[in-house]
Amino acid sequence: MSYRYEGEDAMSPVEKKTVYFKEAGTENTDTVLATVREYVEAEKVEDIVVASTTGSTGAKAAKLFQGRNVTVVAHSHGFKEPGKSELDERFKEEILKAGAKVFMGTHVLSSVERAVRKEFGTIQTLELMANVLRRMGEGTKVCVEITLMAADAGLIPADKDIVAIGGTGRGADTALRICPANTARFFDLKIREIIAKPSNF
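What this report covers is the structure whose coordinates are included nearby. Each chain carries its own residue numbering, running from 1 in the written order of its sequence. Per-residue local features of the predicted model are confined to residues with pLDDT of at least 70, and side-chain atom pairs are confined, for both listing and counting, to 80 or more; whole-chain, interface and lining totals are unaffected and use all residues. Where side-chain values are given, they derive from all heavy atoms of the structure, hydrogens and water being excluded.

### Brief notes about the overall build of the protein chain
Counting secondary structure elements, the protein chain contains six helices and seven strands. Every helix listed is a DSSP run of H or I at least four residues long, and every strand listed is a run of E at least two residues long, numbered separately from the N terminus. The N-to-C order of helical and strand elements in the protein chain reads β-α-β-α-β-α-β-α-α-α-β-β-β. Radius of gyration here is computed from C-alpha atoms only, and the compact-globule reference equals 2.2 Å multiplied by the residue count raised to the power 0.38. Computed over its C-alpha atoms, the radius of gyration of the protein chain comes to 16 Å, within 12% of the 17 Å expected for a compact globule of 201 residues. By its C-alpha atoms, the protein chain is 55 × 35 × 35 Å across when sized along the principal axes.

This is the structure we're talking about:
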């Protein structure tokens, strides 16, 4: 998919606002969500993917972006404890009530390789890719990963830009405009624009 700015000469530079936080962390969540709301309204982006472990950030996003295609991506069952979900059912209910979707699945940038690392102490390709993305911050890795997961589940289009929101541990501190791809076509994914991210992480 080609990327261009409507009404702009292809060779003309375009200035856009990026919000940088001094530190990574959950205290940036409300600012990230407000910044993304302003961005998607101005850019007419309809598809938003949000990482949320307990569902707290997901519920906030689902309410704020009502009317858009919002997908909340949570950890898979058993991510922290065998057979258990970290997603709070109250937040899940709020997300669904606001018209958003919830997806829980295996992390595409670790999957069974995490088990190999834990058992044998060796890192493999997927976790290496994840650690390269972390050079831009944990939130950048999360945004790329949830975009791949949502695309693989058919919850977002693979042929138009989306906004992904992720964070460092809990909450949100990063937002990226991404041209999505399915995991099998990973190298078609493009990070178009940085909307917000921490400088120190």
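From this point, the discussion proceeds with the structure in view.
### Re the pairing of strand β7 (residues 190–198)
A pair of strands is labelled paired if DSSP reports no fewer than 2 bridges between them. Examined bridge by bridge, strand β1 (residues 19–21) and β7 share three bridges and lie parallel to one another. Bridge pairing in β7 links Y20 to K197. Pairing between strand β6 (residues 170–179) and β7: five bridges, direction antiparallel. Its bridge partner lying in β7, A175 is registered against A196.

### Thoughts on the packing of helix α4 (residues 111–120) against helix α5 (residues 125–133)
All axes are obtained by fitting lines to C-alpha atoms, using only the stretch in contact for helices, and the reported angles, taken between N-to-C directions, cover 0 to 180 degrees. Where α4 meets α5, the closest approach of the two axes is 8 Å, and the angle between their N-to-C directions is 100°. Between α4 and α5, the crossing angle belongs to the class labelled roughly perpendicular. Residues S111, E113, R114 and R117 of α4 lie in contact with α5, whose contacting residues are T125, L126 and E127. Classification used: nonpolar for Ala, Val, Leu, Ile, Met, Phe, Trp, Tyr, Cys and Pro, charged for Asp, Glu, Lys and Arg, polar for all others including Gly. Among the residues forming the contact of α4 with α5, the class breakdown is one nonpolar, two polar and four charged. In what follows, roughly perpendicular refers to angles from 65 to 115 degrees, roughly parallel to angles under 35, roughly antiparallel to angles over 145, and oblique to any angle outside these ranges. The criterion used for residue contact is that any of the two residues' heavy atoms lie within 4.5 Å.

### What about the packing of aromatic side chains?
Put simply, two rings from Phe, Tyr or Trp (the six-membered ring, in Trp's case) pair if the centres are within 6.5 Å, and we call them stacked under 30 degrees between planes, edge-to-face over 60, tilted for the rest. Going through the model one piece at a time under the given rule, you end up with one aromatic pair. Ring geometry for F186 and F187: centres 5.0 Å apart, planes at 90°, overall edge-to-face. We call a residue buried when its accessible area falls under 20% of the maximum for its residue type, exposed when it is over 50%, and partly exposed in between, using a 1.4 Å probe and counting protein chains only. With relative accessibility at 18%, the residue F186 sits in the buried group. Residue class for F187 comes out exposed when judged on its relative accessible area of 69%.

### Observations concerning the state of the cysteines
Cysteine sulfur pairs qualify as disulfides if the two atoms are within 2.5 Å. A complete count under the given rule lists zero disulfides for this structure. Considering cysteine sulfurs only, C143 is the nearest to C179, which forms no disulfide, with 15 Å between them. Classification of C179 as buried rests on a relative accessible area of 6%.

### Quick notes on the side chain of H107
Looking at where H107 falls in the secondary structure, it is placed in the loop between β4 (101–104) and α4. The buried category is assigned to H107, whose relative accessible area is 11%. Residues within four places of H107 in sequence aside, it is in contact with H75, F79, K141, E145 and M149.

### Focus: the sheet that holds strand β5 (residues 162–168)
In space, the seven strands of this open sheet follow the order β1-β7-β6-β5-β2-β3-β4, with mixed pairing throughout. Of all the strands in the sheet, the pair left with one neighbour each is β1 and β4. With strand direction ignored, the average angle separating the axes of adjacent strands in the sheet is 30°. Together, β1, β2 (47–51), β5, β6 and β7 form the strand contacts of helix α1 (residues 29–43), whose direction differs from that of β6 by roughly 25°. Most of the contacts of helix α3 (residues 89–97) go to β4, to which it runs at about 135°, and overall it touches β3 (69–74) and β4.

### Let's talk about the environment of G137
Tracing the chain through its elements places G137 in the loop between α5 and α6 (138–152). A C-alpha to C-alpha distance of 7.8 Å links G137 and T168, two positions 31 residues apart in sequence.

### Focus: the pattern of salt bridges
The salt bridge criterion pairs a side-chain nitrogen of Lys or Arg with a carboxyl oxygen of Asp or Glu, the two atoms within 4 Å. Across all of its chains, the model carries 16 salt bridges by this definition. Across the pair R117 and E127 runs a salt bridge, and its minimum N-O distance is 2.7 Å. Here R117 is found in helix α4, whereas its partner E127 is found in helix α5, with ten residues between them in sequence. Among the ionic pairs, R134 bridges to E138, the shortest N-O distance being 2.6 Å.

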